[in-house]
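# Descriptive structure summary
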Amino acid sequence: MDMILLTKSSMPIIGQLASVMGWIMDGIYRVLNLVGIQNLGLCIIIFSIIIYALMTPLQVKQQKFSKLSSVMQPELQKIQKKYKDKKDQVSMQKMQEETQLVYQKYGVSPTGSCVQLLIQFPVLMALWQVIYKIPGYVGSVKAVFTGLVDQIVSVKGYTDLIQTFITDNKMTRVQLVLDNGKATSNSVIDFLYALSPSQWKDLASMDQFKGFTDTINTTSAEISRMQNFFGLNIADQPWNYIKAAFAGASIALAIMAILIPVLAWATQMLNLKLMPQAATQPADGNDQASAMANSMKTMNMVMPLMSAFFCFTFPVGLGIYWIASAVVRSAQQFAINRHLDKMNIDDLVNENMKKIEAKRAKEGLPPQKITNQAHQSAKNINK
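Now for a quick tour of the structure. This is a predicted model, so every value here is computed, not measured. Within each chain, residues carry numbers counting from 1 in the order of the written sequence. Note on the predicted model: pLDDT of at least 70 is required for a residue's local features to be given, and 80 or more for side-chain atom pairs to be given and counted; whole-chain, interface and lining totals, by contrast, use all residues. Only hydrogens and water are set aside when side-chain values are computed; all heavy atoms of the structure are taken into account.

We now examine the packing of aromatic side chains. Working definition: rings of Phe, Tyr and Trp (its six-membered ring) pair if their centres are within 6.5 Å, and the pair is stacked with planes under 30 degrees apart, edge-to-face with planes over 60 apart, and tilted otherwise. Evaluated as defined, the whole model comprises seven aromatic pairs. Pairing Phe209 with Phe212 gives two aromatic rings, centres 5.6 Å apart and planes at 35°, and the pair type is tilted. Exposure categories follow from relative accessible area, calculated using a 1.4 Å probe and restricted to protein chains: below 20% of the type maximum is buried, above 50% is exposed, and the middle band is partly exposed. Relative accessible area serves as the criterion here: at 9%, Phe212 is assigned to the buried category. On the numbers, 4.9 Å between centres and 90° between planes, the contact of Phe229 with Phe230 is edge-to-face. Classification of Phe229 by relative accessible area gives buried; the value is 16%. When its relative accessible area of 64% is taken as the criterion, Phe230 is described as exposed. An aromatic cluster is built from Phe309, Phe310, Phe314 and Trp322, whose rings are joined through pairwise contacts.

The following block contains the structure:
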């Protein structure tokens, strides 16, 4: 089983964002619960849709930069070719100046894409934290275990008992957090949340816990109902269902489990196909740029395959998140592509120029006079 630490992330910014997202996730669960639906898999899907919908403006800005970047690329490559064999300080300075003029011509910053990625990175990291550590951020899930945990920690030597259970069941990614030599209540919840249905039965059969077997069975039934997604337990691994099928268990569930990694691969490939592609490198283009393009192409093929591979041994819930997020991003990208296809480059440049001048006016600076020079210099570069 995979390690699910209840302790919230303490990383600056990411920790705070994860807490806010945890409230959203808990709110989604509570709303669904009001209409009689207790399903964490559905919560993950709705949660992914909401978060990525809120990130749409950032995606639009990044794709606008990508569209302008694809148009600028030939001009930037001509500058690189022009100064390819010139390594003296004067030539390098001129190369930098001419490159800057191209960016000014299109009204963008060389770091434009990086800024959008830097904003999105902590958001995506926080999103991962919430999905990976559901009991730590969703109070409705944590509350299910409270009564059982109180009884477990009252048993003498409970820490050693749980650690032995983890070792015997090869739950290598589940780790107990100790306080004065005893497992904390939160880490016991981590352990319980990671149990598969068969492991719950093994836990209930332990002699030391027989005094509250009914509580174990009740808790198991409640959390299993919350974790059920089309017959699959989101805390279990697809690989376990496949192995169980060879031992005579349900073949239908094994097929459902196989679909998780397959769909994770397919949806991510779809998302990559919809992403704007970089302009094709000319035959006499920069060798370094060509190598980078080939590396990116290889990575785009390998990453979805790696996701599919990991999905076999990761909890089903993480696979659901990967699939849901890829589908949302694909729909988002399709809408953004249609929006950008209706805009020509001049409209994008004028839009950028207006934003730059508005920012300069706000800072008390005069209008940027270098724009015409940038256009003329870029024309000279092209010639």
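On we go.
It is worth spelling out the packing of helix α1 (residues 14-34) against helix α2 (residues 40-54) at this point. Where α1 meets α2, the axes come as close as 9 Å, and the angle between the chain directions of the two elements is 130°. Regarding the angle of α1 to α2, the classification is oblique. With respect to the hand of their crossing, α1 and α2 are arranged in right-handed fashion. Between α1, through Met21, Ile24, Met25, Ile28, Tyr29 and Leu32, and α2, the contact on the second element is made entirely by Leu40, Leu42, Cys43, Ile44, Ile46, Phe47, Ile50 and Ile51. Of the residues in the contact of α1 with α2, the class split is 14 nonpolar, no polar and no charged. Under this scheme, a helix contributes an axis fitted over its contacting stretch, all axes are lines through C-alpha atoms, and angles between N-to-C directions fall in the 0 to 180 degree range. What counts as a helix is a DSSP run of H or I of at least four residues, what counts as a strand is a run of E of at least two, and both are numbered from the N terminus. In these notes the angle categories are as follows: under 35 degrees is roughly parallel, over 145 is roughly antiparallel, 65 to 115 is roughly perpendicular, and the rest is oblique. The handedness criterion is simple: a crossing whose near helix is rotated anticlockwise from the far helix by less than a right angle is left-handed, and one whose near helix is rotated clockwise is right-handed. The contact definition used throughout considers only heavy atoms, calling two residues in contact when any of these lie within 4.5 Å. When residue character is reported, Ala, Val, Leu, Ile, Met, Phe, Trp, Tyr, Cys and Pro are called nonpolar, Asp, Glu, Lys and Arg charged, and the others, Gly included, polar.

Right, let's get into the pattern of salt bridges. Any Lys or Arg side-chain nitrogen found within 4 Å of a carboxyl oxygen on Asp or Glu counts as a salt bridge. Applying the stated rule across the entire model yields three salt bridges. Of the charged contacts in the structure, one is a salt bridge between Glu98 and Lys82, with a shortest N-O distance of 3.1 Å. Placement of Glu98 in helix α4 (residues 89-105) and of Lys82 in helix α3 (residues 56-82) is noted, with a sequence separation of 16 residues between them. Given the relative accessible area of 45%, Lys82 is considered partly exposed. The salt bridge involving Asp207 is made with Lys210; its shortest N-O contact spans 3.4 Å.

Looking now at a nonpolar patch on the surface. For patches, a residue must show more than 30% relative accessible area and have no salt bridge; joins then use 9 Å for like charges and 5 Å for nonpolar side chains, namely Val, Leu, Ile, Met, Phe, Trp and Tyr. The protein chains shown are the only cover counted for residues, whose accessible areas, like all others here, come from Shrake-Rupley with a 1.4 Å probe. A cluster of nonpolar side chains, contributed by Met296, Met299, Met301, Val302, Met303, Met306, Phe309 and Phe310, occupies part of the molecular surface with about 740 Å² of accessible area. Assignment of secondary structure puts Met306 in helix α14 (residues 287-313). The partly exposed category is assigned to Met306, whose relative accessible area is 35%.

With that settled, the discussion passes to the side chain of Ser140. Looking at where Ser140 falls in the secondary structure, it is placed in helix α7 (residues 139-152). We define a polar contact as two N or O atoms separated by no more than 3.5 Å, with the added condition that, inside protein, one atom must be a possible hydrogen donor and the other a possible acceptor, whereas residues neighbouring each other in sequence contribute only through side-chain atom pairs. There is a polar contact of 2.8 Å between the side chain of Ser140 and the side chain of Asp26. Leave out the neighbours within four places in its chain, and Ser140 touches Asp26, Tyr29, Arg30 and Met226.

Treat this as a map of the structure, not an account of what it does.
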